[in-house]
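Remarks on the overall topology
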Amino acid sequence: LQVFGAATVFVLATNMRPGYDAFGWLVWGRQVLHWNLNTDGAPSWKPLTFMFTLPYALAGHQASMWLWTVTSVAGAFFGVVFGARIGYRLTGDAPQRRWAPAVAAVLAGIGVLGIDGYFAQIVIANSEGLVVTLCLAAIDAHLCRRPRLALAMLVLASLGRPEAWLFAGLYAIRSWVAVPKMRLYSVIGLLLIPAS
């Protein structure tokens, strides 16, 4: 809730508006709702964003724009949380340096915000921050020994950026070998990517 609260405050304080791509996804959501989809001159197809913009279209034009903007900002801010969690976990327990995991968490969280162009993507309500967060969530889930959740996060990231396909594929192969109970889950996850 704190992340969504921070995202809402950020959106209200900056009075930000979606950029070209994000506005196009919102238009698509509204057009599909009214059975009138026209993809001419629009941004690239991203099933991940469509999963949000279609239901948001039910709220009307202004509300859907605000909902997507808060969602994209919150999605990007969650990257800081997952980066910090990963930094904390990877540092490990060490009684002689109890402060090290906390310092690693802070530096990792700040490091996510320091990704080249990350903040620029946030202020135009693009989906890249959300994709980064999903990839970091996958790493966190793997570290927590939750491979199904990790694969699900990578599949969702793949619905936002084709660069994530490789990681989803490699993790599905790894899961096929290491967790035989996940074989069907892995196949379904990978089939969802091109089907979208």
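These numbers were taken from a predicted model, which means no experiment stands behind them.

This next bit is on the overall build of the protein chain. The helix and strand tally for the protein chain stands at 10 helices and 0 strands. Ordered by position from the N terminus, the helices and strands of the protein chain form the series α-α-α-α-α-α-α-α-α-α. Compactness check: the protein chain gives a C-alpha radius of gyration of 18 Å against a globular reference of 16 Å for 196 residues, within 12% of the reference. Dimensions of the protein chain, computed from C-alpha atoms along their principal axes, come out at roughly 60 × 45 × 25 Å. Restricting the contact set of the protein chain to residue pairs at least 6 apart, pairs at least 24 apart contribute 64%. Across the protein chain, 14 positive and 7 negative side-chain charges occur, with their mean positions spaced 14 Å apart.

Moving on: the layout of surface pockets. Roughly 220 Å³ of internal volume is contained in the largest pocket. Surrounding the largest pocket, 13 residues form its lining, Gly75, Phe78, Leu130, Thr133 and Leu134 being those nearest its centre. Contributions of two or more residues to the lining of the largest pocket are made by helix H3 (47-57), helix H4 (61-91) and helix H7 (128-143). When residues of the lining of the largest pocket are assigned to their parent elements, the largest contribution, 5 residues, is made by H4. Here the residues of the lining of the largest pocket are counted per class, giving 10 nonpolar, 3 polar and no charged.

A few words now on the side chain of Thr69. Locating Thr69 in the fold gives a position in helix H4. Taking the relative accessible area as the measure of exposure, Thr69 reaches 2% and is therefore buried. A distance of 2.7 Å separates a polar atom in the side chain of Thr69 from the backbone oxygen of Met65.

Here the focus is helix H5 (residues 100-113). For H5, with 14 residues, the first-to-last C-alpha span of 20 Å sits near the 20 Å given by 1.5 Å per residue. For H5, the secondary structure elements touched by its buried residues are H4, helix H6 (118-123) and H7.

Moving on to the nonpolar core. Judged by nonpolar contacts, the single largest core of 45 residues is most densely connected at Trp68, Val73, Phe77 and Ile122. By residue number, the principal contributor to this core is H4, which donates 9 residues. Not counting the four nearest positions on each side in its chain, Trp68 is found in contact with Ala22, Trp25, Leu26, Thr49, Phe52, Thr53, Tyr56, Ala125 and Ser127.

Along the chain, Thr49 falls in helix H3. Sequence-distant contacts of Thr49, defined by excluding residues within four places in its chain, comprise Trp25, Trp68 and Ser127.

What follows covers the packing of aromatic side chains. Applying the stated rule across the entire model yields 8 aromatic pairs. Arranged with centres 5.6 Å apart and planes meeting at 40°, the rings of Trp28 and Trp45 form a pair that is tilted. Of this pair, Trp28 sits in helix H2 (residues 20-33) while Trp45 sits in the loop between H2 and H3; the two residues are 17 residues apart in sequence, bridging distant segments of the chain. Judged by its relative accessible area of 3%, Trp28 is buried. With a relative accessible area of 42%, Trp45 lands in the partly exposed category. In textbook terms, an aromatic cluster arises when at least three aromatic residues are bridged by ring pairs, as seen for Trp25, Phe52, Tyr56 and Trp68. Positioned over the ring face of Tyr185 is Arg148, at 6.0 Å from the centre of the ring.

Another aspect to go through is a nonpolar patch on the surface. Residues Leu166, Phe167, Leu170, Ile173, Trp176, Val177, Val187 and Leu191 make up a contiguous nonpolar surface patch of about 810 Å² in total accessible area. Secondary-structure elements contributing two or more residues to the nonpolar patch are helix H9 (164-178) and helix H10 (183-195). Per element, the largest residue contribution to the nonpolar patch is 6 residues, and it comes from H9. Along the chain, Phe167 falls in helix H9.

Analysis parameters
- Residues numbered from 1 in each chain as written.
- Predicted model: local features only at pLDDT ≥ 70, side-chain atom pairs only at ≥ 80, totals over all residues.
- Heavy atoms only, no water.
- Helix = DSSP H or I, 4+ residues; strand = E, 2+ residues; numbered from the N terminus.
- Rg over C-alpha atoms; globule rule 2.2 N^0.38 Å.
- Contact = heavy atoms within 4.5 Å.
- Lys, Arg positive; Asp, Glu negative; His and termini not counted.
- Charge placed at Lys NZ, Arg CZ, Asp CG, Glu CD.
- 1 Å grid on protein atoms, 1.4 Å probe; cavity = no way out; pocket = protein on both sides within 12 Å on 5 of 7 lines; lining within 4 Å.
- Points joined across faces, edges and corners; volume = space filled by probe spheres on them.
- Nonpolar A, V, L, I, M, F, W, Y, C, P; charged D, E, K, R; others polar.
- Buried < 20%, exposed > 50% of the residue type's maximum accessible area, 1.4 Å probe, protein only.
- Polar contact = N/O pair within 3.5 Å; in protein donor to acceptor, adjacent residues only side chain to side chain.
- Expected span 1.5 Å × (residues − 1).
- Core = buried A, V, L, I, M, F, W, Y, C linked by side-chain atoms within 4.5 Å.
- Phe/Tyr/Trp six-rings, centres within 6.5 Å; stacked < 30°, edge-to-face > 60°.
- Lys NZ or Arg CZ within 6 Å of the ring centre and 35° of its normal.
- Patch = residues over 30% accessible without salt bridge, like charges linked within 9 Å, V, L, I, M, F, W, Y side chains within 5 Å.
- Areas by Shrake-Rupley, 256 points an atom, 1.4 Å probe, with all protein chains shown as cover.
- Salt bridge = Lys/Arg side-chain N within 4 Å of Asp/Glu carboxyl O.

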